[in-house]
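# Examination of the molecular architecture
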Amino acid sequence: MSNVLVVAEHVEKTLRKVTLSTINFAKQAAALTGGQVHVLVLGEGVDTLANELASGGYGANVVHVSNSATFTNYLAENYAPAVAQVAKDLDASVVCAPSSTFGKDLVPRVAALLGAGMVSDAIEVFDDGGLRFKRPLWADNVITTVEVTTPFKAVTVRATAFDALEGEAAAELKTLDLGAAASDSAEFVSFDQVKSDRPELTDADVIVAGGRGLKSAENFGMLEQLADLLGGAVGASRAAADSGYAPNDWQIGQTGKVVAPNLYFAVAISGAIQHLAGMKGSKTIVAINKDAEAPIFQVADYGLVADAFTVVPELTEKLQAAGLGK
Ligand SMILES: Cc1cc2nc3c(=O)[nH]c(=O)nc-3n(C[C@H](O)[C@H](O)[C@H](O)COP(=O)(O)OP(=O)(O)OC[C@H]3O[C@@H](n4cnc5c(N)ncnc54)[C@H](O)[C@@H]3O)c2cc1C
């Protein structure tokens, strides 16, 4: 029997939804190891957040919160020793975090401290005479099965593969005093966060994404209008980001963000495999492209062969007329 430890991801004391998907992964792993799901919240002034996590019924058994000035601003050098220590104290053989920038930065350092084998981007966990994990490779064209033979296993979890749980039993809330000393090898200087009223791409329910076919940054304006009407986020293909039509942090795909919203609009995006790797898990895909042969139509639930410059404003207008955004 051994436990599973999830490191909660939050930005400015707001929980990132990807943490909830990671808790679902952890619950599935814990059912196989016979242990419990422990969630660790590190920060300063994060009691409310930890309380929400514990009372929300997301599938954790215990939520541990550790408030310290060392954790005020995220720094992997400060977080990693604390996570490794808690993993040892709790007998947590699986230590995981979302496969986000945060998790990809933190978990390999925790793995090094624990001498743990690493699984990146896990999409499934199962028992086949030992704990096994599935993870995608080569723009999701190959799925590998991985077994980690070290006592500790460090895992980053692809959040789009695990729904957030709701209605589970509330977790016990515990306060931890880790006496965390700040690292002498790195120091927090500043955090330049992109501020937006729109939801973060990986948390959004609706995404309106545009491609190179939009031809300019100004033309992305019509996608922003549609996204705002639907309360969604705006995304882009790599070709659009590389052309300067959209910021790099809007990029979706193999080398961008992996998303799975309820509704994904792909506007003037051809549907290259590297783009599909980042969005094909979306629940409903609407493709707008003037080329009927564009590969995006192979994954689309609804396809419109049309000029985006005509139909996107028309769609926005019709949605406004139907009362959306009022
Ligand atoms: C290692 C590697 C990693 C990569 N990672 C990523 C990644 O993370 N994300 C990603 O997106 N790509 C990635 N790519 C690039 C990928 O291969 C494609 O080049 C890119 O996705 C193409 O973007 P696009 O569909 O916007 O552009 P194009 O392929 O140029 O397609 C533009 C589309 O717009 C349509 N169009 C043009 N005008 C209109 C109009 N007026 N109305 C409607 N439709 C119109 C065209 O018919 C066409 O289908 C990667 C490539 C490599 C090699």
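Nothing here was measured: the structure is a model prediction, and the numbers come from that model.

## Notes on the site of the ligand
- Surrounding the ligand, one finds 26 residues, the nearest of these being R212, S237, T255, S270 and N289.
- Backbone polar atom of A268 to an oxygen atom of the ligand: 3.1 Å apart, as the coordinates give it.
- One nitrogen or oxygen atom from the side chain of H275 is found 2.9 Å from an oxygen atom belonging to the ligand.
- When the free accessible area of the ligand is taken as 990 Å², the share hidden by the protein chains comes to 77%.
- Of the residues in the shell around the ligand, the class split is eight nonpolar, twelve polar and six charged.

## Things to note about the sheet that holds strand β16 (residues 284-289)
- Taking strand neighbours across the sheet as the criterion, the five strands line up as β14-β13-β15-β16-β17 in an open arrangement whose pairing is parallel. The open sheet has two edge strands, β14 (233-236) and β17 (302-305), and neither has a second partner. Neighbour-to-neighbour, the strand axes of the sheet open up by a mean angle of 15°, direction not taken into account.
- The pairing of strand β13 (residues 206-210) with β14 spans four bridges and is parallel. Pairing of V208 across the sheet is with V234, part of β14.
- Those strands touched by helix α5 (residues 221-229) are β13, β14 and β15 (263-267), and its axis lies near 175° from that of β13.

## Considerations on the packing of α5 against helix α9 (residues 308-321)
- As a packed pair, α5 and α9 sit with axes 10 Å apart at the nearest point and diverge in direction by 25°. It follows from the interaxial angle that α5 and α9 lie roughly parallel. Of the two elements, α5 crosses α9, and the hand of that crossing is left-handed. Residues M222, L223, Q225, L226 and L229 of α5 pack against A308, F309, V312, P313, L315, T316, L319 and Q320 of α9.
- Each residue belonging to the contact of α5 with α9 can be placed in one class, and the counts come to ten nonpolar, three polar and no charged.

## A few points about the sheet that holds strand β1 (residues 3-7)
- The parallel open sheet is built from seven strands, whose spatial order is β7-β11-β6-β1-β4-β5-β12. Where the open sheet ends on each side, the last strands, each with one partner, are β7 (117-122) and β12 (172-175). Mean inter-strand twist for the sheet, computed between neighbouring axes without regard to direction, equals 25°.
- As paired elements, β1 and strand β4 (residues 37-43) share four bridges and run parallel to each other.

## So, the side chain of R158
- By the element assignment, R158 lies in the loop between β11 (153-157) and β12.
- Side-chain polar atoms of R158 contact the side chain of D121, separated by 3.2 Å.
- Those residues in contact with R158 that sit more than four places away from it in its chain are S99, D121, A122, I123, P136, D140, V258 and A277.

Analysis parameters
Residues numbered from 1 in each chain as written. Predicted model: local features only at pLDDT ≥ 70, side-chain atom pairs only at ≥ 80, totals over all residues. Heavy atoms only, no water. Near = heavy atom within 4 Å. Polar contact = N/O pair within 3.5 Å; in protein donor to acceptor, adjacent residues only side chain to side chain. Areas by Shrake-Rupley, 256 points an atom, 1.4 Å probe, with all protein chains shown as cover. Nonpolar A, V, L, I, M, F, W, Y, C, P; charged D, E, K, R; others polar. Pairing = 2+ DSSP bridges. Helix = DSSP H or I, 4+ residues; strand = E, 2+ residues; numbered from the N terminus. Axes fitted to C-alpha atoms, helices over the stretch in contact; angles between N-to-C directions. Contact = heavy atoms within 4.5 Å. Parallel < 35°, antiparallel > 145°, perpendicular 65-115°, else oblique. Left-handed = near helix turned anticlockwise from the far one by under 90°.

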